[in-house]
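Coordinates in review
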Amino acid sequence: MLDIRFIRENADRVAQNCSNKNDASDIDALLKLDAERRAIIQRVEDMKAQRNAASQAIAVMKRNGEDATDQIESMRVVSDAIKDLDESLRSVEFDIEDRLLRIPNMAHDSVPVGRDANDNIEVRRLGTCIDKDHRVDHIEISRRLGILDFERGAKVTGSGFGFYVGKGAKLERALLSYFLDVNTERHGYTEMMPPFMVNADSLRGTGQLPKSQEDMYHMERDDLYMIPTAEVPITNFHRDEILAGDTLPRMYCGYSACFRREAGSHGKETRGFLRVHQFNKIELVKFVKPAASYNELELMVSNVEYILQQLGLTYRVLLLCTGDMTFGGAKTYDLEVWAPSEQRWLEVSSCTNFESYQARRADIRYKDTASSKPEFLHTLNGSGLATSRIMVALLEQYQTAEGTITIPEVLRPYCGYDVIA
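Please read all numbers here as calculations on a predicted model, not as lab measurements.

Mapped onto the elements, Glu172 comes out in helix H7 (residues 167–186). No salt bridge is formed by the buried Glu172; its nearest oppositely charged neighbour, Arg173, is found at 10 Å. One polar contact links Glu172 to Thr387, side chain to side chain, over a distance of 2.5 Å. With residues up to four places along the chain from it excluded, the contact list for Glu172 reads Tyr164, Asn280, Thr387 and Met391.

A few words on unusual backbone geometry. Of the consecutive residues Leu209 and Pro210, the connecting peptide bond is found in the cis state with omega at 5°. Relative to the elements of secondary structure, Pro210 occurs in the loop between helix H8 (200–206) and strand S6 (218–219). Here the phi dihedral of Asp133 falls at roughly 50°; this positive angle occurs in a residue that is not glycine. In this structure, Asp133 sits in the loop between strand S1 (121–126) and helix H5 (138–145). Classification of Asp133 by relative accessible area gives exposed; the value is 59%. Of note, the phi angle at Gln343 is positive, near 55°, even though the residue is not glycine. Take Gln343: it is sitting in the loop between strand S12 (331–339) and strand S13 (344–353).

This paragraph deals with a nonpolar patch on the surface. On the surface, Val156, Phe163 and Val165 cluster together into a nonpolar patch covering about 240 Å² of accessible area. Structurally, the position occupied by Phe163 is in strand S3 (residues 163–164).

Each pair of packed helices can be described by the angle between their axes along with the distance between the axes. Where H7 contacts helix H10 (residues 293–311), the axes come no closer than 11 Å and their chain directions differ by 130°. Looking at the two axes, H7 sits oblique to H10. The interaxial crossing formed by H7 with H10 has right-handed handedness. Residues Tyr178, Phe179, Val182, Asn183 and Arg186 of H7 form the contact with H10, whose own contacting residues are Asn303, Tyr306, Ile307, Gln310 and Leu311. Each residue belonging to the contact of H7 with H10 can be placed in one class, and the counts come to six nonpolar, three polar and one charged.

Our next topic: the packing of aromatic side chains. Under the criterion given, the structure shown has nine aromatic pairs. Aromatic pair Phe150 and Phe273: ring centres 5.0 Å apart, planes at 85°, arrangement edge-to-face. Taken as a pair, Phe150 in helix H6 (residues 150–156) and Phe273 in the loop between strand S9 (250–259) and strand S10 (278–288) lie far apart in primary sequence, 123 residues in all. There is no split in this pair, since Phe150 and Phe273 are both buried. Aromatic pair Phe237 and Tyr252: ring centres 5.8 Å apart, planes at 70°, arrangement edge-to-face. With Phe237 in the loop between helix H9 (231–236) and strand S8 (241–244) and Tyr252 in strand S9, this pair connects stretches of sequence that are 15 residues apart. Accessibility expressed as a relative area gives 46% for Phe237, which makes it partly exposed. An aromatic cluster of three or more residues is present, and its members are Phe150, Tyr164 and Phe273. The ring of Tyr417 carries the charged tip of Lys167 above its face, separated from the ring centre by 4.7 Å. A cation sits over an aromatic face here: Arg186 above Tyr306, 3.9 Å from the ring centre.

With that settled, the discussion passes to the environment of Gly160. Considering the arrangement of structural elements, one finds Gly160 in the loop between H6 and S3. Overall, Gly160 belongs to the buried group, its relative accessible area being 16%. For the pair Gly160 and Arg261, spaced 101 residues apart in the sequence, the C-alpha separation amounts to 9.1 Å. Ignoring anything within four residues of it in the chain, the contact list for Gly160 reads Val276, His277 and Gln278.

What follows covers the pattern of salt bridges. Within this structure, the stated rule accounts for 26 salt bridges. A salt bridge links Arg143 to Glu140; its shortest N-O distance comes to 2.8 Å. With Arg143 and Glu140 both in helix H5 and three residues apart, the pair spans about one turn of that helix. On the accessibility criterion, Glu140 (27% relative accessible area) is partly exposed. If you follow the salt bridges from partner to partner, you end up with Glu122, Arg125, Arg316 and Glu336 in one network.

A word on the environment of Glu375. Within the secondary structure, Glu375 sits in strand S15 (residues 375–376). Judged by relative accessible area, which is 42%, Glu375 ranks as partly exposed. Taking the C-alpha atoms as reference, Glu375 lies 29 Å from Val304; in sequence the two are 71 residues apart.

Let us now look at the nonpolar core. Membership of the largest hydrophobic core comes to 63 residues, with the highest contact counts inside it found for Phe179, Leu308, Val337, Ile390 and Leu411. Per-element tally for this core: the top contributor is H7, with eight residues. Apart from the residues within four sequence positions on either side, Ile390 is in contact with Leu175, Phe179, Leu308, Leu311, Leu313, Val337, Val348 and Leu385. Of all hydrophobic cores here, the second largest spans 26 residues; its members include Val44, Leu89, Leu100 and Met106.

Pairing between sheet strands relies on hydrogen bonds along the backbone, with the strands arranged either parallel or antiparallel. The eight strands lie next to each other as S1-S11-S12-S13-S16-S10-S9-S4, forming an open sheet whose pairing is mixed. The outermost strands of the open sheet, each flanked by one partner alone, are S1 and strand S4 (190–192). The sheet shows a mean angle of 25° between the axes of neighbouring strands, direction not considered. The pairing of strand S11 (residues 315–319) with S12 spans five bridges and is antiparallel. Each residue of the ladder has a partner; that of Leu319, found in S12, is Tyr333. Its contacts with the sheet place H10 against S1, S9, S10, S11, S12, S13 and strand S16 (378–386), and it is angled at close to 5° to S16. Seen against the sheet, helix H12 (residues 387–397) touches S10, S12, S13 and S16 and runs at an angle of roughly 30° to S12.

Conventions we followed
Residues numbered from 1 in each chain as written. Predicted model: local features only at pLDDT ≥ 70, side-chain atom pairs only at ≥ 80, totals over all residues. Heavy atoms only, no water. Helix = DSSP H or I, 4+ residues; strand = E, 2+ residues; numbered from the N terminus. Buried < 20%, exposed > 50% of the residue type's maximum accessible area, 1.4 Å probe, protein only. Lys, Arg positive; Asp, Glu negative; His and termini not counted. Salt bridge = Lys/Arg side-chain N within 4 Å of Asp/Glu carboxyl O. Polar contact = N/O pair within 3.5 Å; in protein donor to acceptor, adjacent residues only side chain to side chain. Contact = heavy atoms within 4.5 Å. Patch = residues over 30% accessible without salt bridge, like charges linked within 9 Å, V, L, I, M, F, W, Y side chains within 5 Å. Areas by Shrake-Rupley, 256 points an atom, 1.4 Å probe, with all protein chains shown as cover. Axes fitted to C-alpha atoms, helices over the stretch in contact; angles between N-to-C directions. Parallel < 35°, antiparallel > 145°, perpendicular 65-115°, else oblique. Left-handed = near helix turned anticlockwise from the far one by under 90°. Nonpolar A, V, L, I, M, F, W, Y, C, P; charged D, E, K, R; others polar. Phe/Tyr/Trp six-rings, centres within 6.5 Å; stacked < 30°, edge-to-face > 60°. Lys NZ or Arg CZ within 6 Å of the ring centre and 35° of its normal. Core = buried A, V, L, I, M, F, W, Y, C linked by side-chain atoms within 4.5 Å. Pairing = 2+ DSSP bridges.

Next comes the structure, spelled out in C-alpha cells:
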C-alpha cells in the first residue's frame, strides 16, 4: 500500500503509474476524499475546543449559582454534531482505505513502460530452443507411460485437476525435495511448512485482497481462503512485527500446494499442466533492508537460474514491463523454460521486489538498533520453483525417440530410477 502522504505529494506520478500498470484507480477522487477527511477532522477539533470552553463556562456559572440551561443545551447540540461528524469520518476513512488497497505499487525506474507481455524485455537466455522432432506433448507421453492422469482428475474433481501416478508421483516428489534441498543447503534459505489456508487479513497483507478475490477459493463457513501461493502465509509470518535489523535479511523457502480458480481461463492454455487449479510450488521469501533489496532481487533470480541450469533446461529471463507485472510489484523478473512439443516458452518462476508495499499493508517493520525508529522493510518473493510446467518441459525435452523419459542426473538420487519407460 502506498502512503497517502506520498500520493498527496506525487499525485501526477501516481496517476501515471496507474495508467502504466493498466489500472483505473481514480487518484483525484481519492485526494478529494482525503481533503474531506482532513476537513472533518479540523471541524471536529474546533467543535471539541468549543465544547471544552463551554464546559468550563458552565462550571463557573454553576459555582456562581447562575442558570446555565441554555449553555448546557448548546453544548448538547455541539456534542450531537461531533457524533454525526465522527460517523461521517468513519465512512470516509473506510472509503479511503478501500481505495488505497486497490492502488498498485509504484514501478521502479528501471522497469520498462509497456502495455502487455509483448513489451517485456529479454535479459538473457541459456540453452537451445530445440525442435519438436519425435516428441509428443506432455499429455500424450504421460498417458502412454501411465504417469499422469488428467481424465480421472476431471472425473474426481473437475477440469484443471490431475493425478500423479507411479513414477510420475515419485518424479514430482523428487522435484520438490531437490528444490528444497538446493535452496536450504546451497542458498541459505530457512525451510518452512506453512498452512494451506489463510484468513482475509493475510491476503490483504500481501495484496491479493481486495483486487484478486474472484481468483481464490473461499470457504464461507470458516471465512478462510485456500492459498494461491506460499508467499501469503510466509510473508504474513512476520505480520504486525518489528524485526531487529541485525537479523536481516531473513530468507525463507516453503513448499505448498497452490489453489487458483483462474477465472476466465479457456482454450489451449488450460490443457494438462499448462494451467491448472492446483499445483505444487516451492516459494522463496525475503525480508530485507531497503538499501539491499534490489541486490537481493538479483540474487534470488540467480538462485532460481541455478536450479534450471542443473536440470539442463533451456530458459530465459524476462524483465516485465509495467503493464504485465504484478499489481503490488515494484520490479519483476519472469523465468521461462522452453517446451519443445509446445514450441513455446512456459513461465515457471516470477521474482518480485515489492519494496515496502506489502510491509506497509502487513505492518512489518525493522529497527537498526534498539533506540532506532521503526521503519518499513522491503519484501521479495519468487518461485523456486513451480513444478507443473517444469514437469511439462522435462517430459518434452528429455523424451527419447523410443518414447521413454531420461531423468536429469541431479534428480536420479531422489527418484531412485534413471528412466521412465
